[in-house]
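Observations on the model geometry
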Amino acid sequence: MGVITPGQSDGVPVLTTTLQQALDWARKNSLFPIPFGTACCAIEFMGVVGPTFDISRFGAEAVRFSPRQADLMIVAGTVVYKMAPVLRKIYAQMADPKWVISMGVCASSGGFYDDYCTLQGIDQVIPVDVYVPGCPPSPDLFLDALMKLQQKIDSDRRLKFA
Amino acid sequence: MATLDVERVRALIGEDLLGDRSSHGDTAFVVRRPGIRRIAQALRDDATLQFDMLMDLAGADRSLLPPKDRIERFEVVYNLYSLWNGWRLRLCVPVPEADPFVDSVHDIWKAADWAEREAWDMFGIRFNGHPNLKRILCHHEFVGHPLRKDYDRTRGQWLSQLDTLEDELEMAHDRERETLRAQGNDPADSNIGERMLLNIGPSHPVTHGTLRVLVELEGEIIRTAIPEIGYLHRGFEKCAEKGSWNNVVPYASRLNYVSSLANDVAYVKAVEKLCGIEVPDRCKYIRVIVTELARIMDHVVCNAANLVDLGALTNFWYLFTVREKIYTIVEKLTGIRLTTAYTRVGGLSHDLYEGFEDEVRAMLKEIVPFLQDVIGLVKKNRIFMERTVGIGKISAEDAIAYGWTGPCLRACGVPLDARKRDGYYFYDTFDFDVPVGENGDSFDRIMVRFEEVFQSIRIIEQALDRLPGGPVNTGNNKFTLPPKKELFRDIEPLMNHFMIVMFGTPVPAGETYDSFEVPNGELGFYLISDGKGKPYRMRVRPPCFYVYQPYVHIIKNGMMADMAAILGSLNIVAGELDR
């Protein structure tokens, strides 16, 4: 962020910054998540949103259930082959720029469901930005992943003007 | 309570009786395939026996069992329950591989409809006369039958696109046309086929999970509803066959992940029945306490989510505070908040931590005001009542025919509670009530859950008062790992430890069915062991599977908005529904 220069425009404090920085700052602190909740992790995601852990401290509490209004997909839970086309379709419906957090080992790698019906990692179907281990991850671990994603958004070269 | 009149059952089965497989206190008969419909009808309609509930129907592939236990490659297993007598009966029907056909019993017990589809999906057993025998858990492009012993566990199959469900829609239209004709109306005058189609799910906020319902709307009224499940079918029963008996505990935790502790207990109780071992009293009391804690969590989360569906968000924050208070204790006890895996065959993973009793007592006192606040907010609330009273009704007869158990059945006025009836783990000595509803509507289901939370608090307080000292594991070192201290001192514990770790718990060969009252109803496990340290076949009887089956009939001709409210009150957990 820029420098505060008092005295300008009749004594009102003014903040200077570049458009780039302002955009990055706004983008990373106002993520609109869409929960693609399937299993146990979705229950724990409810805990993340709930009063104790409170995801709104990170500006991501406006959970949207329409992919068209969201820019962060949280895949929480096991994704099976039967569900894979659905996941792909919903991801495609989100507008760019968009990010994905893979919450829990099932979404990340299939977890201990190494069998005929479980997709062995959602990255076979959609790109993933942050993987969160745990079965399910504790809410603090998820919040850590969210902060990692914020760092990533901040330094994402694809989003820069130049 | 009188015991089951076995001779009467034998007489009813008559010449179709192939053998007696009763063991472990279960009554089980092997019967000939052609007679199954006659026997089913006779058992259900007999005035004394009254086997009015089909608790579970499952297939089994016995191809790798020793020849003396194998009549044919496949078997269909019917677990029956007589509600008013409290009797259980198991029927096994051998089915040859070359000609895998059995007569369907879906019109005798409505619960059989989906269960037979599952047996077809998993084993390729066909049911004559079933109206809609298509895959239920695997996707429609799947080839083969995954629970057969010759299907490689890790061979996944991709799905290119979702089932359009057009075939089932067409069948529903045909049924409707027939009804119209029977009433003397011309189907051509109706708007069948012209109504608005709306696909809800499998990823939709109102379904709280991965359920899909295709509905046909006339204005806001649902005229046709087609369900599809299996979007969270993650192969519990196949995975259970890969490791030792104790390796299944973490999988069991993830069946109903809202109340993992109760599932843990249910599973090991079934295995202990098969082993014929008794756990110490302290272990039993601890299992009661954690089960009841799980019940509180489950009911609280269910009602919280349901109230959000109705637009009452405040209650969600209040009730989740209750949940977090319990989670804090669960995390301290088991090391994880949600998926606990706290039990082991023959005991527990570890004893309670110091100060557990006082913390639980204090926590129980703290949560009561939150619950009372929420009940005060909703119980006489006009909006809440208009959305729930008389909505989503089901009659007790239908609920029984569909195999409902748990709070949903009790809301219909049927006081079936395995804790009271079977009295395992000293439940018969605790002073608690079984709340029942009157109308079987959403309101009753929600209120039954709230009342059960208070009853669970009573049970926990009594169990804490009586909690004895002593070990939590059975002293039988064949089944439980010896204490670490002895392991380094003596050769015998070291050998026992080695045997259990390398070759698994030595569960003797045999089979049994055991039931346990989890928050959602009866969670049953039908286990077959071949004595080799691994489960040979594990069938779980999920309460949700049977509760969800008539859902589309309940929502039919109701408002679109009530669909979500009814679903929430049934408490369908996808992990348990699809396994």
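Residues numbered from 1 in each chain as written. Chains lettered and ligands numbered in written order. Predicted model: local features only at pLDDT ≥ 70, side-chain atom pairs only at ≥ 80, totals over all residues.

**Concerning the overall build of chain B**
When helices and strands are tallied, chain B shows 21 helices and 15 strands. In terms of its C-alpha atoms, chain B occupies a principal-axis envelope of roughly 85 × 60 × 50 Å. A burial count over chain B gives 50% of its 579 residues as buried. Residue pairs in contact within chain B that sit at least 24 positions apart in sequence constitute 67% of those at least 6 positions apart. (Helix = DSSP H or I, 4+ residues; strand = E, 2+ residues; numbered from the N terminus. Buried ≥ 20, exposed ≤ 12 C-beta atoms within 10 Å, placed from the backbone. Contact = placed C-beta atoms within 7 Å.)

**A closer look at the overall build of chain A**
A count of helical and extended segments in chain A gives 5 helices and 4 strands. In terms of principal-axis extent, the alpha carbons of chain A reach across some 70 × 35 × 25 Å. Evaluated residue by residue, chain A yields a buried proportion of 42% over its 162 residues. Pairs at least 24 apart in sequence give 74% of the contacts found in chain A among residues at least 6 apart.

**Regarding the interface of chain B and chain A**
Between chain B and chain A, the contact holds 38 residues from the first and 28 residues from the second. Of all the secondary structure elements, the ones that give two or more residues to the side of chain B that touches chain A are α5 (236–240), α9 (313–334) and α21 (574–578) of chain B. Looking at which element gives the most residues to the side of chain B that touches chain A, the answer is α9(B), with 4 residues. A breakdown of the residues in the side of chain B that touches chain A according to their chemical character gives 17 nonpolar, 14 polar and 7 charged. (Nonpolar A, V, L, I, M, F, W, Y, C, P; charged D, E, K, R; others polar.)

**A few points about the domain arrangement of chain B**
Residues and elements named next belong to chain B. One can read the domain layout of chain B as domain 1 (6–128) and domain 2 (236–578). For domain 1 and domain 2, the distance between their C-alpha centroids amounts to 27 Å. Of all elements in the fold, only β3 (53–61), β4 (74–82) and α3 (112–123) reach the threshold of two or more residues within the side of domain 1 that touches domain 2. Tallying contributions element by element places β3 first for the side of domain 1 that touches domain 2, with 6 residues. Split into classes, the residues belonging to the side of domain 1 that touches domain 2 amount to 11 nonpolar, 4 polar and 6 charged. (Domains from an automatic or database assignment.)

**Concerning the environment of B:A252**
Residue and element names in this part refer to chain B. Looking at where A252 falls in the secondary structure, it is placed in helix α6 (residues 248–253). Each C-alpha atom of the pair A252 and T314 lies 33 Å from the other, and the pair is 62 residues apart in sequence. Other than its neighbours up to four places away in sequence, A252 contacts N263, D264 and Y267.

**Some points on unusual backbone geometry**
Residue A:P97 follows A:D96 across a cis peptide bond; omega there is -10°. Following the sequence through the fold, A:P97 ends up in the loop between α3 (84–93) and β3 (99–103). Across the junction of A:C135 and A:P136, the peptide omega takes the value -10°, indicating a cis bond. One can find A:P136 in the loop between β4 (130–132) and α5 (139–154). The phi dihedral of B:R579 is positive, around 55°, even though this residue is not glycine. You can see B:R579 is positioned in the segment after α21.

**Some remarks on the sheet that holds strand β2 (residues 72–76) of chain A**
Residue and element names in this part refer to chain A. Spatial strand order, β1-β2-β3-β4: 4 strands in an open sheet with parallel pairing. In the strand order of this sheet, the two ends are held by β1 (33–37) and β4, each with one partner. When the angles between neighbouring strand axes are averaged without regard to direction, this sheet yields 20°. In this structure, β1 lies alongside β2, joined through 5 bridges in parallel fashion. Counted as the bridge partner of P33 is L72 from β2. (Pairing = 2+ DSSP bridges. Axes fitted to C-alpha atoms, helices over the stretch in contact; angles between N-to-C directions.)

**Some remarks on the sheet that holds strand β10 (residues 221–228) of chain B**
Residue and element names in this part refer to chain B. Taken in spatial order, the 3 strands line up as β8-β9-β10 in an open sheet, and their pairing is antiparallel. Every interior strand has two partners, whereas the edge strands, β8 (196–200) and β10, have only one. Within this sheet the neighbouring strands show an average axis-to-axis angle of 20°, counted without direction. On top of the sheet, helix α4 (residues 166–182) reaches β9 (212–218) and β10; it is set at about 135° to β10, its chief contact.

**Focus on the packing of helix α1 (residues 19–28) of chain A against α5(A)**
Residue and element names in this part refer to chain A. Two numbers describe how α1 lies on α5: the axes approach to 9 Å, and their chain directions differ by 155°. By the angle class used here, α1 and α5 are roughly antiparallel. The two elements α1 and α5 meet at a crossing, and its hand is right-handed. Two secondary-structure elements touch here, α1 through D24, R27 and K28 and α5 through Q150, I153 and D154. Split by residue class, the contact of α1 with α5 holds 1 nonpolar, 1 polar and 4 charged. (Parallel < 35°, antiparallel > 145°, perpendicular 65-115°, else oblique. Left-handed = near helix turned anticlockwise from the far one by under 90°.)

**Quick notes on the pairing of β1(A)**
With 5 of its 5 residues buried, β1(A) lies for the most part within the structure. Traced from β1(A) through helix α2 (residues 40–49) of chain A to β2(A), the parallel crossover comes out left-handed. (Right-handed = clockwise from strand over helix to strand, strands pointing away.)

**Examining the nonpolar core**
By size, the foremost hydrophobic cluster in this structure holds 216 residues, and its most contacted members are A:V75, A:M103, B:L80, B:V271 and B:I572. With 16 residues, the single largest contributor to this core is helix α8 (residues 281–309) of chain B. Both domains that meet at this core, namely domain 1 (6–128) and domain 2 (236–578) of chain B, each give it at least three residues. (Core = buried A, V, L, I, M, F, W, Y, C linked by C-beta atoms within 7 Å.)

**Some points on the confidence of the model for chain A**
Looking at chain A, pLDDT values average 85 and 93% of them are 70 or higher. Taken element by element, chain A is modelled with least confidence in α2(A), mean pLDDT 84, and with most confidence in β4(A), mean pLDDT 93. (pLDDT = per-residue confidence, 0-100.)

**Examining α2(A)**
Where burial is concerned, most of α2(A) is hidden: 9 out of the 10 residues are buried. Along α2(A), the residues that are buried comprise A:C40, A:C41, A:A42, A:I43, A:E44, A:F45, A:M46, A:G47 and A:V48. On its buried side, α2(A) packs onto β1, β2, β3 and α5 of chain A together with α21 of chain B.

**With respect to the environment of B:E511**
All names here are of chain B. Relative to the assigned elements, E511 resides in strand β13 (residues 510–518). A count of 23 C-beta atoms within 10 Å places E511 in the buried class. E511 sits 243 residues away from V268 along the chain, and the two C-alpha atoms are 14 Å apart.

**Quick word on the packing of α8(B) against helix α20 (residues 560–570) of chain B**
All names here are of chain B. It is the contact of α8 with α20, at a shortest axis distance of 8 Å, that shows an interaxial angle of 175°. Classified by the interaxial angle, the pair formed by α8 and α20 is roughly antiparallel. When α8 is examined against α20, the residues A305, N306 and D309 are found in contact with a partner set consisting of A564, A565, G568 and S569. Classifying every residue of the contact of α8 with α20 by side-chain character gives 3 nonpolar, 3 polar and 1 charged.

**Things to note about the confidence of the model for chain B**
On average, residues of chain B score 87 in pLDDT, and 100% of them are at 70 or above. Interface confidence for the predicted complex, given as ipTM, is 0.84, next to a pTM of 0.87.

**Focus on the environment of A:K28**
All names here are of chain A. Its location among the elements puts K28 in helix α1. Take K28: there are 23 C-beta atoms within 10 Å of it, and that puts it in the buried class. Remark: the alpha-carbon pair of K28 and T16, spanning 12 residues in sequence, is separated by 19 Å.

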